[in-house]
Amino acid sequence: MLGAIFSKRHPKVGARPGTLEIGESAHPVRIRMMSYRGRKAREVDVDNLESLSEAFDESTVTWIDVQGFGDEPRIREIAELFQLHPLLLEDIVNVPHRPKAESYGDQLLVIVRMVRTNTEHLVEHEQVSLVLGKHYVLTFQEKHGDVLDPVRARIREGVGPIAQHGPDYLAYALIDTIVDAYYPLLEQIGDWLEALEDDAVLRPTPDVLHRLNRLRNRLSNLRRGIWPQRDAVSAMVRGDHAHISEEVRLYLRDTLDHCVQTTEVTEMYREMVTELINTYLSSLANRTNDVMKVLTIVATIFIPLSFIAGVYGMNFDNMPELHVRWAYPLVWLAMAATAMVMLGFFWRKGWLGGKGES
Amino acid sequence: MLGAIFSKRHPKVGARPGTLEIGESAHPVRIRMMSYRGRKAREVDVDNLESLSEAFDESTVTWIDVQGFGDEPRIREIAELFQLHPLLLEDIVNVPHRPKAESYGDQLLVIVRMVRTNTEHLVEHEQVSLVLGKHYVLTFQEKHGDVLDPVRARIREGVGPIAQHGPDYLAYALIDTIVDAYYPLLEQIGDWLEALEDDAVLRPTPDVLHRLNRLRNRLSNLRRGIWPQRDAVSAMVRGDHAHISEEVRLYLRDTLDHCVQTTEVTEMYREMVTELINTYLSSLANRTNDVMKVLTIVATIFIPLSFIAGVYGMNFDNMPELHVRWAYPLVWLAMAATAMVMLGFFWRKGWLGGKGES
Amino acid sequence: MLGAIFSKRHPKVGARPGTLEIGESAHPVRIRMMSYRGRKAREVDVDNLESLSEAFDESTVTWIDVQGFGDEPRIREIAELFQLHPLLLEDIVNVPHRPKAESYGDQLLVIVRMVRTNTEHLVEHEQVSLVLGKHYVLTFQEKHGDVLDPVRARIREGVGPIAQHGPDYLAYALIDTIVDAYYPLLEQIGDWLEALEDDAVLRPTPDVLHRLNRLRNRLSNLRRGIWPQRDAVSAMVRGDHAHISEEVRLYLRDTLDHCVQTTEVTEMYREMVTELINTYLSSLANRTNDVMKVLTIVATIFIPLSFIAGVYGMNFDNMPELHVRWAYPLVWLAMAATAMVMLGFFWRKGWLGGKGES
Amino acid sequence: MLGAIFSKRHPKVGARPGTLEIGESAHPVRIRMMSYRGRKAREVDVDNLESLSEAFDESTVTWIDVQGFGDEPRIREIAELFQLHPLLLEDIVNVPHRPKAESYGDQLLVIVRMVRTNTEHLVEHEQVSLVLGKHYVLTFQEKHGDVLDPVRARIREGVGPIAQHGPDYLAYALIDTIVDAYYPLLEQIGDWLEALEDDAVLRPTPDVLHRLNRLRNRLSNLRRGIWPQRDAVSAMVRGDHAHISEEVRLYLRDTLDHCVQTTEVTEMYREMVTELINTYLSSLANRTNDVMKVLTIVATIFIPLSFIAGVYGMNFDNMPELHVRWAYPLVWLAMAATAMVMLGFFWRKGWLGGKGES
Amino acid sequence: MLGAIFSKRHPKVGARPGTLEIGESAHPVRIRMMSYRGRKAREVDVDNLESLSEAFDESTVTWIDVQGFGDEPRIREIAELFQLHPLLLEDIVNVPHRPKAESYGDQLLVIVRMVRTNTEHLVEHEQVSLVLGKHYVLTFQEKHGDVLDPVRARIREGVGPIAQHGPDYLAYALIDTIVDAYYPLLEQIGDWLEALEDDAVLRPTPDVLHRLNRLRNRLSNLRRGIWPQRDAVSAMVRGDHAHISEEVRLYLRDTLDHCVQTTEVTEMYREMVTELINTYLSSLANRTNDVMKVLTIVATIFIPLSFIAGVYGMNFDNMPELHVRWAYPLVWLAMAATAMVMLGFFWRKGWLGGKGES
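Residues numbered from 1 in each chain as written. Chains lettered and ligands numbered in written order. Predicted model: local features only at pLDDT ≥ 70, side-chain atom pairs only at ≥ 80, totals over all residues.

## Some thoughts on the sheet that holds strand β7 (residues 136-141) of chain E
All names here are of chain E. Spatial strand order, β2-β1-β3-β7-β6-β5-β4: seven strands in an open sheet with mixed pairing. Of all strands in the sheet, those bounded by a partner on one side alone are β2 (40-46) and β4 (100-104). In this sheet, adjacent strand axes meet at a mean angle of 20° when their direction is disregarded. Pairing of strand β5 (residues 107-117) with strand β6 (residues 123-132) involves 10 bridges; the strand directions are antiparallel. Bridged to Met-114 within β6 is Glu-126. (Pairing = 2+ DSSP bridges. Helix = DSSP H or I, 4+ residues; strand = E, 2+ residues; numbered from the N terminus. Axes fitted to C-alpha atoms, helices over the stretch in contact; angles between N-to-C directions.)

Here's what the structure looks like:
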């Protein structure tokens, strides 16, 4: 449940800064380079880093995408090639880190959180770290697979603003795509909420509360990712990093709007969950009330009647009523009348469901 | 329920920025141009854009009102004619967008949310996007119909400040009218609240809670529209956009006051809803209490009496009381006394409704 | 209930700014002018405005007090005479407006809310608008009657600082008097709270909740008036309006202290109301608990006894106990012992009121 | 309860500023002067103010301590002697005033709130107003008696930093001593809380709730005194008042730390009270649950048994079981079996206290 | 419970500032000096301070670690040797003090709170005060033992950045290690929470509430330590203390990230505890509901049956049914039918566990 913000795989207390914590189950490293200028785009799967260093060309925009951290020496080689600061590298590898935008000398490190719903409708959180340099964008992802294929397609097509701008636009396009991927997830949560709404009113079982709590935890988790993301994008819009042009800032302002909107939807959902929990609790109280009413109606009608029957079951020698001819039917009548009075009282109180079912 | 802030019709993840998302059910495009200087006002329904471009005259104030987005090429033509930035166009068309005021170069984009109560007493939210240029105001509305007819009337009359000021005053008049349209809605919500107040105390049925929750959702929705609107107007008052004169800023300050007031009323209503929900829950607890009291009174009176009757229904050979002459009436007396003592006890506790109905 | 912050008499949507909304039941206009310098004070009831314009003398401090807005043309004449901005006039007449301090050119508009407890112990809210000019103070009140007589008396006396300072001191004196008039009201609310405190614990009837809710609404209302008032006074203290001297700012700082104190008392009262509502609810739970305990004690004692009696009321042929000589008294003993054991159990649980009445 | 922040003895509405409100029960005025330089300290009880004015010596640090406001003319004489501003005097005398630090020309007025636990363990709040001039410190206290004796002792001793610094250090020493006097009080509240903690769980009587509410009110009261005190000290640390040297600011920073700590402890206590109230309410719910369980166990066991007994008490002619030889003991067996099944059911549910007492 | 933020061992009210409050049970003083430059590291246990003063060498980085405050004269000697300000010394010795970073002239005092889980799984809080001078770092710890051994090891190894930087890096390394020591603790609390989650749903005993409250208190305690720690580190990152180089600020920024993360996890845990308390309370309500349902089912089935049996136990002379041949079995049938109808009713309501167990 806590996975997205608090990994149990934290560095050993007192470890030297810059120590990389790579788990046993880390995905193997896959490196892919795309470089483009206008309509000309080239894609290479990078196997050894020498070829990368050769292929690198400052006259094009280069995107190097690293997926999986399973091979520490290779990660370190890339870091060396692009002169990444050791702390920057630590932030990239020791996931999860809070989303942020931070300058390290000439480079801008942007950490965002990517969400993907997998086939079993579970949400996967994954950190994407993006390093923006003068001529290149590096991205680092913990696992294979991402939501960035539309950007790759737009690069290959070579039309639209992506082909005319530099690496800052590429960074924008990547971040924007990751932010927009929150929308389908929020949509799904909205569907879940609607389903739970009916259950909370009509079927207030403990399971509903459990699902509501789980949903709230998820939303808290999402919120914890979205808020700092918003701050990071805002810092990029308002900051003064040299590599981001005025025009791209305009585009980033648009991404910021999307961040704000996702934040608001998340907050709204959280409010709705709280509301549903209250509805659930009040349905529960209503149920207890219903149970009590049934008991009260049955008991208050029959207890006095049983008393009457009990009286005439006594064995006193001298009970004149017992010997009256029509006594037995009269007692029946008296009992029926008593029951009627009671039912009338309950009906007037609205407990019989006729007047308001309150 | 979420429609006002979160459309399910969001752009495809990773779509190129500037992509317009126009739904199947979009209203057809209707364009109407009003231009005026002093008492002279001219109105034209624009069918083809060439005529618009010809009719356009920089010496007058021109208001071009676009309703319905059903014809993408036409929308794009207008955008081209007035050189709207692609992102600006995206904000206008991909509704709903958060209210905001933002400069795009020479133009000021103001997005506000218009509310209208339709005939079935449902609230309709609609985005109005307003582009303020040097000589013109463009407005874009998603659907046909709006609350702006009083402004049109004032233009036609040609008296009052609207005739003497430029497009900035026109923009103010439009925004002010949209903000003021929240008042009748708030009034209606106030009426609903008063009706619910009685129900929560006297008839705490689950339906009341349901209506209270729905009302709270609506108010949350309203609030989410009003707050950023307030920020947008505030930005116009305090900002330094070249096209807004000092005098119009004074008028906008007045609109800001109205925004603040609607915010406060909304907040007040939300507080009242929370309070009513608490009242509802406590009424419910009161009801359970009442039910319990009825059960307790009846049961505690008759259970001991039944016990007495049961005792003298036993079949022991040697029960001297049974043969005493006045035993039977004495038992009745004893039972009546017991019942009296019980009733006295309940009366002293105030459970019989005499002393406080607590 | 909402009157103080939200009038249903709002301007028509889309009305031209500056439109005055004067209700049918508006009080007739009464204008009174006081002018003074040192010990010399003069008071005139102004009937026609020409005499006012003649009597006006820049070498004295002039206070023109307008009560009632029932005569629009006359209000407009005054506005013209003192060159009030149309928006300023709208703020004054279209009550209620949020308290604020705002410059309109050379004039400072201060809107405050005056409270008065009338004879039936109801609170009346009334807007007082104050326009501070170079040589004069204008006040506009919706209704006749106010709390400002002590200031009038001090002017007539002609001693103390009021006689030595200009219109800024007069404005201060008026605002200070209006702010201080909140104290008696708060005192009264304090008395109400103390009375409700006992009721919430000892007599938790639904009526108590109703009164608590009403009190909370009143406090919310008060708070909504006091908070912006505090901001307005603060703006006067810290602002740079030319007509307010350094010395008067010192006095206003004192008024600000009073505003802060009333705010705090209001907040404290709100906290106390919330607390009392919780106390009420817990008293209610306690009551249910008490009811249940009575039922449980009576039922658990007599139900087993009735069972015993029932057993010996059976008609089996072969029930040897029935024929034993001392069986009947022994059964009585057994039943008494059972009852004793039960009572002991309840006493040990503290349910009999002996050990803690929990 | 409200005494500490809201006196009913407020000035008459509209009174001239500077009016002193001195109650009937005001303590008589006692003035004591201490002056010292290094190891030389002199103490005089001031009877008439001429002697004070003579004894005043600018080459020493002079502390004039005024206790009790019962003699207005005398208070006014002192004010005149030290040229106190009328508003400053009003703040001093019209207690209680919010703690604050404010410059009046050359003088700095600091208002703090002193707490003392008296012999009956009641907390007494008292306002101490301190005026820091170039060569002197004036203190004004509403009542006789204070917590400042340790400072007096340090002055008499004539060692330590107090002897080497000027009046600013004296002011610091006084404020610091008053702030530190909150610690024993907080300690005592801590003890009360611990005692209430056990009661809330084990003995949830209405009295516990009452004591918790009283404690919360006290803490709110304390908090309302401590928060502005913190602001006042902070203003002295960061402000630029000429009479406070850099070194004394360092000491005041330490006092500020103590203020922050007392604030935090108060907040923590408030949180704990809220928590205890919740614990109390849940204990109450638990009790109701327990009561219900006893009723349910007894009733569900004996009601079916009574039914069986009732069946064989019927008087039908033709009931073959009645004549069976072992019927009576067999019915006992059946009833015992039924009871066993029921008890087993309750035991499995954990209602018998064996499995979890839930 | 309060130990970590509020010691009962506060200085006597009015004590001279700089007074050291050393408890009876203070640990004896142990001083250890490490000095290093590059790969050369030297460690000395300091017995007398003269040797310390001799061994001190400005060309190396010196770390003097003082554990235990049991010997006041010795502490004062060290303070004199390093010219510590008396207030700085008071902050160090009079534990606990809020975490902070504060300049005293040339020296920077940083107070942090170290947590250690001891063998019995109890959390120990201990204040670590760190004084950063030009050539040295002093640390003061209340008790023996700490979490800083990894730093000592890195100094001894003499590789990595610690060997190449000055005392500012050493200070960073110490603070970073102390901050990172919160992770294992948070992990453990996470485990506790998971265990409590099940209990709150399945076994809502009062003990669960007690443990939840205790956990919340602990988290509040932690939070009160972590928040100011974060401010302190932030002040070091953004402040302008001369002894901290730009590069070390970069490292501290990383520590700040960790502080932020621990804050967030703590907040998240607090939210989860609140949620679990609500779950607990709703489970309780569910239980009461269950108890009531059992009672209602049993009572409403058997009370009417008992009534029927009671009727035919009456002794009227004239009850024809009694003499009908098949009357007895028919009564049984009627009673079985009644019971069936009731069971059907409960089954339809879902109270029998079949349809939803609501």
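## What to know about the pairing of strand β3 (residues 61-67) of chain A
Put simply, side chains in a regular strand alternate between the two faces of the sheet. Residues and elements named next belong to chain A. Most of β3 sits inside the fold, with seven of its seven residues counted as buried. By the alternation rule, side chains of β3 split into Val-61, Trp-63, Asp-65 and Gln-67 and Thr-62, Ile-64 and Val-66, which are all buried. In this sheet, β3 lies alongside strand β1 (residues 30-37) in antiparallel orientation, the contact comprising seven bridges. When the sheet's bridge partners are listed, Arg-32 is paired in β3 with Asp-65. For β3 and strand β7 (residues 136-141), the ladder comprises six bridges, and the chain directions are parallel. Bridge assignment links Val-66 to a residue of β7, and that residue is Phe-140. (Buried ≥ 20, exposed ≤ 12 C-beta atoms within 10 Å, placed from the backbone.)

## Brief notes about the relation of the copies chain B and chain A
What relates the two chain copies is a rotation about an axis together with a slide along it. Superposing chain B onto chain A takes a rotation of 72° combined with a translation of 0.0 Å along the rotation axis, leaving an RMSD of 0.1 Å. Such a combination of rotation and displacement between the chain copies is what one expects of a five-fold axis. Minimal C-alpha distance to the rotation axis in chain B is attained by Gly313(B), lying at 4.8 Å. Here only 19% of the contact residues of chain B are again contact residues in chain A; the copies associate through non-equivalent surfaces. (Least-squares fit on C-alpha atoms with pLDDT ≥ 70 in both. Contact = placed C-beta atoms within 7 Å.)

## Considering the domain arrangement of chain A
Annotation of chain A at the domain level lists domain 1 (30-281) and domain 2 (286-349). Put simply, the middle of domain 1 of chain A and the middle of domain 2 of chain A, counted by C-alpha atoms, are 73 Å apart. (Domains from an automatic or database assignment.)

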